[in-house]
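What follows is the residue order along each chain.
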Amino acid sequence: MLLGFAAWTLLLLMVTVGIYRWGRILAGLSGIASFRSDQLEGAPWYQRGTRAHANCIENLPVFGAIVIALQAGHVTGSLVNWLSIAILAARVVQSLVHVCLIQTDKVVAFRFSFYSVQLISFIWLISIVVLRLNAGT
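Notes on the structure follow. Treat the numbers as computed from the prediction; the structure is a model and nothing was measured.

## A look at the overall build of the protein chain
- A count of helical and extended segments in the protein chain gives four helices and zero strands.
- For the protein chain, the α and β elements follow one another from N to C terminus as α-α-α-α.
- Taking 14 Å as the expected radius of gyration for a compact globule of 137 residues, we find that the protein chain reaches 18 Å, considerably beyond that expectation.
- Judged by the C-alpha coordinates and their principal axes, the protein chain covers about 65 × 30 × 25 Å.
- Burial status across the protein chain gives 35% buried among its 137 residues.
- Across the protein chain, the fraction of contacts at a sequence separation of at least 24, relative to all contacts at a separation of at least 6, is 77%.

## Quick word on helix α1 (residues 2–26)
- For α1, spanning 25 residues, the distance from its first C-alpha to its last is 33 Å, which sits close to the expected 36 Å at 1.5 Å a residue.
- At Gly 18, α1 shows its maximal bend, which comes to roughly 40 degrees.
- Of the residues making up α1, those classed as buried are Phe 5, Trp 8, Thr 9, Leu 12, Thr 16, Val 17, Gly 18, Tyr 20 and Ile 25.
- The inward-facing, buried residues of α1 contact α2 (44–72), α3 (78–100) and α4 (105–135).
- Taken from the residues just after α1, Gly 28 is the one with a positive phi, measuring 80 degrees.

What counts and how
Residues numbered from 1 in each chain as written. Predicted model: local features only at pLDDT ≥ 70, side-chain atom pairs only at ≥ 80, totals over all residues. Heavy atoms only, no water. Helix = DSSP H or I, 4+ residues; strand = E, 2+ residues; numbered from the N terminus. Rg over C-alpha atoms; globule rule 2.2 N^0.38 Å. Buried < 20%, exposed > 50% of the residue type's maximum accessible area, 1.4 Å probe, protein only. Contact = heavy atoms within 4.5 Å. Expected span 1.5 Å × (residues − 1). Bend = angle between axes of the 7 residues up to and from the residue.

Without other data, these values stay purely geometric and don't point to any function.
Written as structure tokens, this is what we have:
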């Protein structure tokens, strides 16, 4: 699932930021150096895509640290698998809702519900690692 999360992060980058920027560059509408990192510009879906990609980047190391802890502690099981699947599935849906829909209060609340699934799953996995490691000492 960690590899899937990383792959999703890259795919989201290529499909949103990459297509928009390279499309504009190749069409002669923008110079390659014209995209500022300190200011969001461009079409609304592109701006949301940029933010959705940043959300993935922010959460990928958290998931990575949890997976490393699971591996180091030799913690496995169906609950670990299901929580990991929930994290990736919720991340994909959250990103799609972010990029594809206009961000009204209802849409943001809907999107946040998928982020909440990830947070709860992160905390649950951390708890499993801590409890298993404490039980072993």
